[in-house]
Amino acid sequence: MSKHKIILDTDPGIDDAMAIFFAFQHPDIDVLGLTTVYGNVPVAMAAQNALRLCDLAEQDIPVTQGVAMPWVGPESTYAHFVHGENGFGDIPVEAPKRELDPRPAAQFIVDMARQYPGEITLVAVGPLGNLATALHLEPNLPKLIKQVYIMGGAAFVKGNVTPLAEANIWNDAHAAAKVFAADWELTMFGLDVTYDIPFEPDFVNILAEANPTLGSFVRDSSQFYMDFYSQGKDQRVCYFHDVFPLAYLVKPSLFTFTQGHAKVGLGELDRGQTSLAPRGSTPSPIWLDAPLINVATGFDHMSLVELLIDTYAL
Ligand code: BDR
Ligand code: CA
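Treat the numbers as computed from the prediction; the structure is a model and nothing was measured. Starting afresh in each chain, residues are numbered from 1 along the sequence in its written order. As a convention, the first chain written is A and the first ligand written is 1, with the rest following in written order. Since the coordinates come from a predicted model, pLDDT governs what is reported: local features require at least 70, and pairs of side-chain atoms require 80 or more to be given and counted, while whole-chain, interface and lining totals use all residues. Note that water and hydrogens are dropped before the side-chain values are worked out from all heavy atoms of the structure.

Engineer: Whenever I open this one, the overall build of the protein confuses me. Can you help?
Structural biologist: Scanning the protein for helices and strands turns up 14 helices and nine strands. A principal-axis box enclosing the C-alpha atoms of the protein has dimensions of 55 × 45 × 45 Å. Three labels apply to residues, based on accessible area from a 1.4 Å probe with only protein chains included: buried if under 20% of the type maximum, exposed if over 50%, partly exposed otherwise in between. Buried residues in the protein amount to 58% of all 314 residues. Across the protein, contacts joining residues at least 24 apart in sequence account for 80% of those joining residues at least 6 apart. A total accessible area of about 12700 Å² is found for the protein, and carbon and sulfur atoms account for 53% of it. Asp and Glu count as negative and Lys and Arg as positive, but His and the ends of the chain are not part of the count. By convention, the charge on Lys lies at NZ, on Arg at CZ, on Asp at CG and on Glu at CD. One finds the centroid of the 18 positive side-chain charges in the protein at a distance of 5 Å from the centroid of its 37 negative side-chain charges. Elements are defined by DSSP. Helices are runs of H or I of four residues or more, strands are runs of E of two residues or more, and each kind is numbered from the N terminus. In what follows, residue pairs with any heavy atoms lying within 4.5 Å of each other are defined as contacts. Note on areas: these come from Shrake-Rupley sampling with a 1.4 Å probe, and a residue is covered only by the protein chains present in the view.

This is how it looks when you write it as structure tokens:
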């Protein structure tokens, strides 16, 4: 079987780092490049952090810097309270050794899609401004891309930024609405699944044993992240949201889905809400006009944990 060619669009970020290393480690994934976006941190820091992760993993692939602002509205406030001032839980990090690819992230996505028509899976684990900009640059992009997997949204569960909205979608709701409306196969891994499995300190300790370089980085950087997620809880836990679409790419049998017509809220109260009308659930043309997407709604917990540890151990 040939490898899955992906472009990983990311805002590193601690769970982003965990996901990027998983992609680098897995033998069935060929990462053509990392494209970066503001979100957890400002975009310039996201780009430098992506370079740092490539250095650590000894991956000489293109890293590009993308959009710095939401499609509409003011600059983001970022999530340093979740990911630390440096995006990696404030553990010491070295300056990157390599330079960025000079192309804007969206141009890189378009160039790669033209070079490998029909072969690339876009995996987006941050706000969706780069994908929306790429659609703007190349309206034919949906025909050139194999499929789009995102970490973002909350279909049947509550949000994590507002009662209705998940962070990646809320951070750039107008861009997300364009990505959801485009004519490509979209699969969403939102809080419906990612909040269903708390990871405890034992898990990151095992990752560090399995892979002393990359696993130790995840263990050390995630201590700050666990402090955030453990507030008010008896157990220390955190959530590795961004690895879910990559786990699905290499092991589709892990997940179950609900297909439905999806809409992204753009109003004051429902900004970033991802509402889903399951297929066949309503005759209303308002819903039937909305594109069909696949939303992950269940997964095999044990097998996911095994896959993550086994992949770090390779
Ligand atoms: C998402 O928001 C970011 O903080 C994480 O990296 C993840 O992509 C979870 O809501
Ligand atoms: Ca992210």
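Engineer: Would you mind showing me how to read the layout of surface pockets here?
Structural biologist: Take a probe with the size of a water molecule and roll it over the atoms, and the empty space left behind shows itself. Points on a 1 Å grid over protein atoms alone make up a cavity when a 1.4 Å probe fits among them but cannot get out, and a pocket when they form an open set with protein on both sides within 12 Å along at least five of seven lines; lining residues each have an atom within 4 Å of a point. Grid points are joined across faces, edges and corners, and a volume is the space filled by probe spheres set on the points. Computed from the structure, the largest pocket encloses a volume of approximately 520 Å³. In terms of lining, the largest pocket is formed by 30 residues, of which the most central are Ala79, Val82, Asn160, Val161 and Ala167. Residue assignment for the lining of the largest pocket shows that the elements contributing at least two residues are α3 (80-83), α7 (167-171) and α11 (214-229). Here the lining of the largest pocket takes four residues from α7, the largest share from any one element. For the lining of the largest pocket, a count of residues per class yields 15 nonpolar, 10 polar and five charged. For the second largest pocket, the calculated volume is near 250 Å³. Every residue lining the second largest pocket is counted, 15 residues in all, and those nearest its centre are Pro70, Val72, Pro74, Trp170 and Arg271. By the convention adopted, Pro, Cys, Tyr, Trp, Phe, Met, Ile, Leu, Val and Ala count as nonpolar, Lys, Arg, Asp and Glu as charged, and the other residues, Gly among them, as polar.

Engineer: Explain the coordination of the calcium ion (ligand 2) here, please?
Structural biologist: For a metal with four donors in a tetrahedral arrangement, the ideal angle between donors is 109.5 degrees, while six donors in an octahedron ideally sit at 90 or 180 degrees. Sites may look incomplete, because water is not among the atoms used; the donor set itself consists of N, O and S atoms within 2.8 Å of the metal (3.2 Å for Na, K and Ca). All of the protein donors around the calcium ion (ligand 2) are Asp11 (OD), Asp16 (OD), Asp16 (OD), Val125 (O) and Asp242 (OD); their distances to the metal are 2.3 to 2.7 Å. By relative accessible area, which is 2% here, valine 125 ends up buried.

Engineer: Where do I start with the sheet that holds strand β1 (residues 4-10) in this structure?
Structural biologist: Pairing between the strands of a sheet is mediated by backbone hydrogen bonds and can be parallel or antiparallel. Only when DSSP finds a minimum of two bridges between them are two strands counted as paired. Reading across from one edge, β3-β2-β1-β4-β5-β6-β9-β7-β8 is the order of the nine strands in this open sheet, with mixed pairing throughout. The strands lining the two open edges of the sheet, one partner per strand, are β3 (63-65) and β8 (274-278). Averaged over neighbouring strand pairs, the angle between their axes works out to 30° when direction is ignored. Bridge count for strand β7 (residues 255-264) against strand β9 (residues 292-299) is seven bridges, and the pairing is antiparallel. Pairing of histidine 261 across the sheet is with leucine 292, part of β9. Whenever a helix is involved, its axis is fitted only over the stretch in contact; in every case the axis is a line through C-alpha atoms, and angles between N-to-C directions fall within 0 to 180 degrees. Sitting on the sheet, helix α8 (residues 173-181) touches β5 (145-151), β6 (186-189), β7, β8 and β9, and the angle it makes with β7 is about 115°.

Engineer: Where do I start with the pairing of strand β4 (residues 120-124) in this structure?
Structural biologist: In summary, the side chains of a regular strand alternate between the two faces of the sheet. Taking burial as the measure, the five residues of β4 include five buried ones, the bulk of the element. Side chains Ile120, Leu122 and Ala124 of β4 all project onto a buried face; the interleaved residues Thr121 and Val123 project onto the opposite face, where all are buried too. Pairing of β1 with β4, which is carried by five bridges, proceeds in the parallel orientation. Pairing of lysine 5 across the sheet is with isoleucine 120, part of β4. The sheet contact formed by β4 and β5 spans five bridges and is parallel. Within β5, the residue paired with valine 123 across the bridge is tyrosine 149.

Engineer: Just to check I follow, could you spell out the packing of aromatic side chains for this structure?
Structural biologist: Describing an aromatic ring pair means giving the distance of the ring centres and the angle of the ring planes. Ring pairs are drawn from Phe, Tyr and Trp, using the six-membered ring of Trp, whenever the two centres fall within 6.5 Å, and their geometry is named by plane angle: stacked under 30 degrees, edge-to-face over 60, tilted for the rest. By the definition in use, this model includes 23 aromatic pairs. The interplanar angle of 90° and the centroid separation of 5.0 Å between the aromatic rings of tyrosine 225 and tyrosine 229 together place this pair among those described as edge-to-face. Taken as a pair, tyrosine 225 and tyrosine 229 lie in helix α11 at a separation of four residues, close to a single helical turn. Owing to a relative accessible area of 9%, tyrosine 229 belongs among the buried residues under this scheme. Here the aromatic rings of phenylalanine 244 and phenylalanine 255 are separated by 6.2 Å at their centres, their planes lie at 65°, and the arrangement is edge-to-face. Note that phenylalanine 244 is positioned in helix α12 (residues 244-250) and phenylalanine 255 in strand β7, a separation of 11 residues in sequence. The class of phenylalanine 244 is buried, set by a relative accessible area of 0%. Here phenylalanine 255 falls in the buried class, since its relative accessible area comes to 7%. Taken together, the ring pairs connect Phe81, Tyr195, Phe199, Phe203, Tyr225, Phe228, Tyr229, Tyr239 and Phe240 into an aromatic cluster. Remark: a charge is flagged as sitting over a ring if the NZ atom of Lys or the CZ atom of Arg is within 6 Å of the ring centre and within 35 degrees of the ring normal. The lysine or arginine in question, lysine 5, covers the ring of tyrosine 116, its NZ or CZ lying 5.0 Å from the ring centre. In this structure, lysine 263 is placed above the aromatic ring of tryptophan 287, and the distance from its NZ or CZ to the ring centre is 5.7 Å.

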